[in-house]
Every structure is written in structure tokens, then in C-alpha cells.
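The chain contents come next:
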Amino acid sequence: MTTPPPLTGIRVLEFAGLAPGPFAGLMLADYGATVIRIDRPTPTSHGTSTPPPPTSDLLTRRKTSIAVDMKTAAGAALIKALAARVDVLIDPFRPGVLERAGLSPREVLLPANPRLVVARLTGFRRDGPYARMAGHDINYLAVSGVLGMLGRKAHKPYAPGNLVADFAGGGAMCVVGVLMALVERARSGRGQLVEANMVDGAAYLATFLRLGTKSAWWGRPRGENLLDGGCPYYDVYATKDGQYMAVGALEAQFFSALLAGLGIDAARLPFPRDDRRAWPWLRVAFTAKFKSKTRAEWEAVFAGSDACCTPVLGQAELEAAGYAQRPAVGLRGSPGWAVGDEEKSEGEDEVADKGQGVGVEGAGWSERGLGAGEGGEEMLARWMGWSRGRQYGVEGGGLVLLHRAKL
């Protein structure tokens, strides 16, 4: 028997920010939390005849929005009143922003709500030499020591999009901290500050690689190691039609299966596969072999095989094929919400088998976005029993706490 998602009943305030903060809110929402994003106000926010268009934030699934100017006393007062009644607040700003707004977590928010978990997510370390500097994923990755490990031999370091620092080291690690704080709160009754940063998060993710630099398998310069393109049987190869196949045949039995699929006689190898003197020969042989067939032909050759040889699929073809996006992990007893809408008609047994609950429209391939002020007032009514004109009003497109409000 399944139960509601594990974070059902958890209320989250998320200050609007760039990718990692919204991603943290998205993860919490996907597992049952209700999330209100706090946007900057515009004159058309909150119920005008011409509501604002969606913001550029694409990570808005299951969220609602209120627009508040926290630089005004009445706007900051409204945020303080909300923070006194919620479980988690996500702060994506550089150090000092909340303090200057009169919303210091230590001096204002936590004293007003000792059960609050304040997740502060910065790019650089809060106490490091870069603390006051602007940056993006590539900068955090650079000073973490991780960027210098990524890339091909004799080429400059390569940043893999903004996945490692922003999303993995930032947003996802922040959620880990929030969940640990909620577990501690269940034991002690007290919330706390969670201080995550993308430099430490990225460096922690690289623990295995960092330790590997003291060993033979990752102790060579960039691009000459086992898992960074140096090894010919852990690499990507072009096919006849300009597509690609990925090879990860590290173990001996998988390597044997790869050779069999490629039609290469193991007796022809000039040296054992672990001998680096064999690697140039293997790379030339693999490159020629994969160029001899299309990707579809190689897929057929290696289908069901233990050669660790798979196609490199593009996002567009996955979408066209109806590939269903799913939550990060499946919980069989208390599943998170499904990412796609294909689960809507399924029964409890099918939901439990997939470890996910009812989905939303879009199947995870697109997001309609969320406009400033969209749906937030309805959520305030559900959360707090608040209504416009009683507890709050609208000034300059932003919500403000009314002086006469009875909270």
C-alpha cells in the first residue's frame, strides 16, 4: 500500500534565483513539498487584467509564486510573517543580502521560528577569498579543482555544461542538507542553518577522482587516465552515419565481448589490454571498426550484450520516442510525484512498481513557466488562511503586510 510522497505537508519558501536554487525547490516539490517562489514585483503582478509573462525560470514544476519587494519594510514584514509559519526557506543570494533586508536568518528568522530550516546556497565558499565575487558554474568548478581534471589530452579543461557545480554540487547537495536538517528537527524539534556552496559541493562529488590522483588509474595528466578519454576501451566513437557509440568495457569479460562484437581477434593485440603500449593500436582499430557501420547497425550488434557498448542518444530522439522522465529515485512505499503525465490513469500497484505517483502534463520535456504572482495567493489562503485586504495588500505589484493584519 502506497502513502503520499514523503515531504507532504512540508512548506517551502524559495527566493527566486538562478538554476541551483530553483532546482532545489523542484526536487522538494517532486517529493511532496508545497513550494511558493518569491519573485520580484512588477506593476502587473497579482491579479491584474494583464498578468506578467512567465519568468525565464524553467524549474517551476508544481510551484506557485508571490511577488514581494523585500527592500521595503512592508514587503520584508510579509516575508518574515510567512517564514514564521513554514518549514524551509531557500536563500540563493550572495552573503549579506537577507541581512541588509532585515531578514537575518540568525537574528530574525530563526528566533521567530525555531523549527525553520534556512538553506543558504552560494556559489563560492562564504568564508573564502572569492566570497564577495560574482561567478557561475565554470568559476566554481575551476576553483574547486574539478575543472582542471576534465578534458582531453593536450586540450584546455572542458566544462560539461553547468551540471557539476550548479545542479549536482549546488542544488542537489543543498537538498541533501535540507533533508538532514529535517531529520534532525524530527529528533530535536529545532531547525537550523544549512550552508551549501557549489565549490565544496563539486569538490565533494570529486572525492573518488581526487583520491585517484594518488593512484595509477588517475595519476597521470588530464586526458591520459582510465576514465577521462585516455583509455581506448572507455571512450566514444563515431559511426558511419555521423552518430556515436559509447564504450565502457573496463572489465576483462566485458572487453572480450566488445572485441567479439567488433570482430577483432584478441590474438591480434600487440600487448595485453592493460598494457598502455596496446592503447594506440586499440584506438586505431576501434575507430576504424565503428566507422564501418551506422549507429543503428552497432546497436543491433550489441543489443543484449555485456560489452558495455551503447548508443549516444540525443534529447530530441528520446522525446520523439516517448521516453518518460521520472523522479531521481523511486520510493515504493511513499512515491514522489511522476514527472510526466502518462501515470495519471495508473492504479496503486502500477504506481508502486514504478516508485512514483501521479504526474503532471508535459512529460518532463517542456515547461510552461511561472509568472510572478501566479497561484501564490491561493496557496497563501491554503497555508495561512490569509486573504487580500485582511492580512496583506498589493503595492507596486508586490504583496505587503497590512499593519492591522491579525496573523
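Residues numbered from 1 in each chain as written. Predicted model: local features only at pLDDT ≥ 70, side-chain atom pairs only at ≥ 80, totals over all residues. Heavy atoms only, no water.

Enquirer: I keep staring at the overall build of the chain and nothing clicks. Help me out?
Expert: In terms of helices and strands, the chain carries 14 helices and 11 strands. Projected onto its principal axes, the C-alpha coordinates of the chain cover approximately 85 × 55 × 45 Å. By the burial criterion, 45% of the 407 residues in the chain qualify as buried. Within the chain, counting contacts between residues at least 6 apart in sequence, those at least 24 apart form 66% of the total. Roughly 20,400 Å² of accessible area belongs to the chain as shown, and the carbon and sulfur atoms make up 56% of that amount. (Helix = DSSP H or I, 4+ residues; strand = E, 2+ residues; numbered from the N terminus. Buried < 20%, exposed > 50% of the residue type's maximum accessible area, 1.4 Å probe, protein only. Contact = heavy atoms within 4.5 Å. Areas by Shrake-Rupley, 256 points an atom, 1.4 Å probe, with all protein chains shown as cover.)

Enquirer: Looking at this model, I keep getting lost on the domain arrangement of the chain. Mind explaining?
Expert: Many analyses report the size of an interface as the accessible area lost when the parts associate. Under the domain assignment, the chain is made up of domain 1 (11-206 + 325-401) and domain 2 (245-318). Centre-to-centre separation of domain 1 and domain 2, based on C-alpha positions: 42 Å. (Domains from an automatic or database assignment.)

Enquirer: Is there a simple way to think about the nonpolar core in this case?
Expert: The tendency in soluble globular proteins is for nonpolar side chains to be buried side by side. Counting residues in each nonpolar core, the largest one holds 33 residues, and the members touching the most others are Ile66, Leu78, Leu89 and Trp386. Elements with a minimum of two residues in this core: β1 (11-15), β2 (34-39), α2 (73-83), α4 (105-112), α14 (376-384) and β11 (398-401). Here this core gets six residues from one element, more than from any other, and that element is α2. When near neighbours in sequence (up to four residues on either side) are disregarded, Leu89 contacts Leu13, Phe15, Ala83, Leu98, Leu109, Leu116, Val117, Val118 and Ala119. In this structure, Leu7, Ala24, Val117 and Tyr140 belong to the second largest nonpolar core, which totals 26 residues. (Core = buried A, V, L, I, M, F, W, Y, C linked by side-chain atoms within 4.5 Å.)

Enquirer: Help me understand the pairing of strand β3 (residues 63-67), please; the structure alone is not making it clear to me.
Expert: The side chains of a regular strand alternate between both faces of the sheet. Judged by how many residues are buried, β3 sits mostly within the fold: five of five residues are covered. Of the two faces of β3, the one holding Lys63, Ser65 and Ala67 and the one holding Thr64 and Ile66 are both buried throughout.

Enquirer: How do you make sense of the side chain of Lys63 when you look at a structure like this?
Expert: Summarising the element assignment, Lys63 is placed in strand β3. Here the side chain of Lys63 touches Glu14 through a polar contact of 2.7 Å, side chain to side chain. Apart from the residues within four sequence positions on either side, Lys63 is in contact with Glu14, Pro22, Gly25, Leu26, Val35 and Leu370. (Polar contact = N/O pair within 3.5 Å; in protein donor to acceptor, adjacent residues only side chain to side chain.)

Enquirer: I'm lost on the sheet that holds β3 in this one. Help?
Expert: Backbone-to-backbone hydrogen bonds pair the strands of a sheet. The strands run either parallel or antiparallel. Spatially, the six strands line up as an open sheet ordered β3-β2-β1-β4-β5-β6, and their pairing is parallel. Whereas interior strands pair on both sides, the edge strands pair on one side only; in this sheet they are β3 and β6 (192-197). Mean inter-strand twist for the sheet, computed between neighbouring axes without regard to direction, equals 20 degrees. As judged from the five bridges shared by β2 and β3, these two strands associate in the parallel manner. The residue bridging Ile36 from the neighbouring strand is Thr64, located in β3. Contacting β4 (88-91), β5 (117-122) and β6, α4 crosses the sheet at an angle of about 130 degrees to β6. (Pairing = 2+ DSSP bridges. Axes fitted to C-alpha atoms, helices over the stretch in contact; angles between N-to-C directions.)

Enquirer: Would you mind showing me how to read α14 here?
Expert: Note that an α-helix has 3.6 residues per turn; residues three or four places apart therefore point the same way. For α14, every residue scored as buried is listed here: Gly376, Glu377, Met379, Leu380, Trp383 and Met384. When α14 is viewed along its axis, its buried side chains cluster within an angular range of 155 degrees and face the same direction. Of the exposed residues in α14, those oriented more than 90 degrees away from the buried face are Glu378 and Arg382. Looking at the packing, one finds that the buried side of α14 touches β1, β2, β3, α2, β10 (392-395) and β11. With its phi angle positive at about 75 degrees, Gly385 sits one or two positions after the end of α14. (Arc of directions from axis to C-beta.)

Enquirer: Hey, could you run me through the confidence of the model for the chain in this one?
Expert: Any segment with low pLDDT has predicted coordinates that should not be analysed in fine detail. Predicted confidence across the chain gives a mean pLDDT of 92, with 92% of residues reaching 70 or more. Confidence drops under a pLDDT of 50 for residues 342-346, and excluding neighbours within four residues, the segment shows 13 contacts in the predicted structure. (pLDDT = per-residue confidence, 0-100.)

Enquirer: What is the right way to look at unusual backbone geometry in this model?
Expert: The bulk of non-glycine residues show a negative phi, and the bulk of peptide bonds are trans. Although it is not a glycine, Ala154 adopts a positive phi angle of roughly 65 degrees. Topologically, Ala154 is positioned in the loop between α5 (137-144) and α6 (163-188). Here Ala154 falls in the exposed class, since its relative accessible area comes to 81%. For Cys308, which is not glycine, the phi dihedral falls at a positive 55 degrees. For Cys308, the location among the structural elements is in the loop between α11 (295-302) and β9 (309-311).

Enquirer: Help me out: how do you make sense of the packing of α6 against helix α7 (residues 198-205) in this one?
Expert: In a packed pair of helices, the relevant descriptors are the angle between the two axes and the axis-to-axis distance. At a closest axis distance of 8 Å, the pairing of α6 and α7 adopts a crossing angle of 100 degrees. Of the possible angle classes, the one that applies to α6 and α7 is roughly perpendicular. From α6, Val164, Ala165, Asp166, Ala168, Gly169, Gly170 and Met173 reach across to α7, where they touch Met198, Gly201, Ala202, Tyr204 and Leu205. Tallied by class, residues from the contact of α6 with α7 come to eight nonpolar, three polar and one charged. (Parallel < 35°, antiparallel > 145°, perpendicular 65-115°, else oblique. Nonpolar A, V, L, I, M, F, W, Y, C, P; charged D, E, K, R; others polar.)

Enquirer: Teacher, can you tell me more about α7 here?
Expert: Among the residues of α7, Met198, Val199, Gly201, Ala202 and Ala203 are the ones counted as buried. Buried-residue contacts for α7 involve α1 (20-30), β5, α5, α6, β6 and α8 (207-212). Near the N-terminus of α7, the side chain that reaches the backbone nitrogen of Val199, with its oxygen 3.1 Å away, is that of Asn197.

Enquirer: Honestly, the sheet that holds β9 in this entry has me stumped. Any pointers?
Expert: Ordered by their spatial adjacency, three strands build an open sheet running β7-β8-β9, and the pairing between neighbours is antiparallel. Among the strands making up the open sheet, the edge pair consists of β7 (234-238) and β9. On average, each strand axis in the sheet is inclined to that of its neighbour by 25 degrees, with strand direction left out of account. Where strand β8 (residues 244-248) and β9 come together, three bridges link them in antiparallel fashion. Residue pairing across strands places Ala246 opposite Thr310, the latter belonging to β9. Contacting β7, β8 and β9, helix α10 (residues 279-291) runs over the sheet at an angle of about 40 degrees to β7.

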